[in-house]
Amino acid sequence: MKRLIAAALAAGSLVAGSSAAQVALKPETPNLLFWSAEQQARWYPAMETVYQTRPIAAGDRVRALPLAGRTLDPVFTHAGRTWTVDEYMATYRVSGLLVIRDGRVLLEKYGLGRRPQDRWTSFSVAKSVTAILVGAAIQDGRIKSLQTPVTDILPELRGSAYDGVTLRQLLMMSSGVRWSEDYSDPNSDVAKGPTEGVKLAQGQPGLNPVVAYMRTLPRAHAPGTMFNYNTGETDLVGILLARAVGMGLADYASEKIWKPYGMEMEGAWVTDPGGLERGGCCISMTLRDYGRVGQFVLDEGVIDGHPVLPPGWALEATSKQIENGQAGYGYFWWMQPNGAYQATGIFGQSITTFREDRIIIVVNSAWPKSGGPDLRDGRTALINALRQAAIAPAP
């Protein structure tokens, strides 16, 4: 494990990077990229005690996730050794593991002192939820289409490199606007953007700091031609969405998903320095509610016969739309070599869905580093083992 930790890279997918991207309740709050294991275990379930958040209200009805007639306990190999599920959870600091097939729970386990009613932060899994809400806004007629120019909804970006960029290109991480996502470089956009944005927005009432910074960036590629992971733009999509629907993302998520679909508990969504929910980071919910998000998308956004998303949206969003040097990227969803589509966040958060098998696997963790091949490969080995156990005939 020491070798695994040492090899783990501080790379990943944190939106707008540093702790300045959200507003801490206490000025001495350390950068969330460098929380200790004890701080992770204490604060990941309680982000509303660390940062400013907005609640995602749940309704009176809870959608059932009944138990299946069997449970899973696979043994698998990874990194030259054999693992049980419990050994993996302890070694990789997993707080919650959930496997659902055909809407029924095959496995539900907790660690790090977490209880079923405890929430856990999502980091960039929030991006995929934002993409769902974009689809809902199109279905509601609040956004005309994916081809809508960004500047039609955010006119503050006119005259910037975002002229001619469409909403679809933002969702594909292919705006062509230059962006540096290097967490180790204090001069990278991801590191300095939040602070610089606040400075740029001063004296300009109503100008969000994210918009203020993003409109200063130059063009690097033609729109739609190059994938470039740009965490600032995921927050930009959140701002655009809030503008289009006339309410904050937390309220819209409550209206379109939490209440009608039957989430079991109120969620919490971290806000940016401008007071808007961050489109790319830090929704908190229970383990089972993460599973319900996966089931909602797998069922193509239909609630009790009512389509929340446009026809085909869920399939399109979770299918490859652009090459990204890996298995492909959809609309804030990652494609996986094993055929799954995945919502992914740093420090070990994921919702992995095998569409044809109708299997959803949720992993919530507190990895010692934000990411890295060894950590991701270990999770993939676990997920593949759980999938194989789920599709195997019952004994």
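In what follows, the accompanying structure is described. In this text the structure is predicted, and so the values were computed from the model without any measurement. (Residues numbered from 1 in each chain as written. Predicted model: local features only at pLDDT ≥ 70, side-chain atom pairs only at ≥ 80, totals over all residues. Heavy atoms only, no water.)

1. Notes on the pattern of salt bridges
Tallied over the full model, the rule gives 20 salt bridges. The partner of Arg54 in a salt bridge is Glu277, with the nearest N and O atoms 2.7 Å apart. Linking Arg54 in strand β1 (residues 53–56) with Glu277 in the loop between β7 (267–270) and β8 (283–286), this pair joins segments that are 223 residues apart in sequence. Across the salt bridge formed by Asp235 and Arg278, the nearest N and O atoms sit 3.2 Å from each other. In this pair, Asp235 sits in helix α9 (residues 231–245) while Arg278 sits in the loop between β7 and β8, placing the two residues 43 residues apart along the sequence. No difference in accessibility class separates Asp235 from Arg278, as the two residues are buried. Linked by salt bridges that have partners in common, Arg54, Asp251 and Glu277 make up one network. (Salt bridge = Lys/Arg side-chain N within 4 Å of Asp/Glu carboxyl O. Helix = DSSP H or I, 4+ residues; strand = E, 2+ residues; numbered from the N terminus. Buried < 20%, exposed > 50% of the residue type's maximum accessible area, 1.4 Å probe, protein only.)

2. A short note on the packing of helix α4 (residues 125–139) against helix α11 (residues 287–298)
Where α4 meets α11, the closest approach of the two axes is 12 Å, and the angle between their N-to-C directions is 40 degrees. Put simply, α4 runs oblique to α11. Considering how the two elements wind past one another, α4 and α11 form a crossing that is left-handed. Where α4 approaches α11, its residues Val125, Val129 and Ile132 are matched on the opposing element by Tyr290, Val293, Phe296 and Val297. By residue class, the composition of the contact of α4 with α11 is seven nonpolar, no polar and no charged. (Axes fitted to C-alpha atoms, helices over the stretch in contact; angles between N-to-C directions. Parallel < 35°, antiparallel > 145°, perpendicular 65-115°, else oblique. Left-handed = near helix turned anticlockwise from the far one by under 90°. Contact = heavy atoms within 4.5 Å. Nonpolar A, V, L, I, M, F, W, Y, C, P; charged D, E, K, R; others polar.)

3. Section: the packing of aromatic side chains
Taken as a whole, this structure holds 18 aromatic pairs when the rule is applied. Their ring planes at 20 degrees and their centres at 5.8 Å tell us that Tyr229 and Trp334 sit as a pair that is stacked. A residue pair is termed long-range when its members are at least 10 positions apart, and Tyr229 in the loop between α8 (209–214) and α9 and Trp334 in strand β11 (residues 334–335) qualify at 105 residues. The ring centre of Tyr261 lies 4.0 Å from the NZ or CZ of Arg63, which sits over that ring. (Phe/Tyr/Trp six-rings, centres within 6.5 Å; stacked < 30°, edge-to-face > 60°. Lys NZ or Arg CZ within 6 Å of the ring centre and 35° of its normal.)

4. With respect to the pairing of strand β12 (residues 341–345)
In terms of burial, β12 is a largely internal element, five of the five residues being buried. Taking every second residue as pointing to the same face, both faces of β12 are buried, with Tyr341, Ala343 and Gly345 on one and Gln342 and Thr344 on the other. Here β11 folds back onto β12 in antiparallel fashion, the turn holding five residues, of which Gly339 has a positive phi close to 95 degrees. With five bridges joining them, β12 and strand β13 (residues 349–354) adopt antiparallel strand pairing. Note on β13: the bridge partner recorded for Gln342 is Thr352. In this antiparallel pair of consecutive strands, β12 and β13, the connection spans three residues, and Phe347 shows a positive phi of 60 degrees. (Pairing = 2+ DSSP bridges.)

5. What about the packing of helix α10 (residues 249–262) against α11?
One can describe the packing of α10 onto α11 by two numbers: an axis separation of 11 Å at closest approach and a directional angle of 100 degrees. When the axes of α10 and α11 are compared, the pair comes out roughly perpendicular. Residues Ile257, Tyr261 and Gly262 of α10 pack against Arg292, Gln295 and Phe296 of α11. When the residues that make up the contact of α10 with α11 are grouped by side-chain class, the tally is three nonpolar, two polar and one charged.

6. Looking at the sheet that holds β13
The antiparallel open sheet is built from six strands, whose spatial order is β5-β4-β14-β13-β12-β11. Of all strands in the sheet, those with a lone pairing partner are β5 (104–110) and β11, marking the two edges. Docked against the sheet, α4 engages β12 and β13, running at close to 125 degrees with respect to β12. In the packing of helix α13 (residues 373–391) onto the sheet, the strands contacted are β4 (94–101), β5, β12, β13 and β14 (359–365), and the crossing angle to β14 comes to about 145 degrees.

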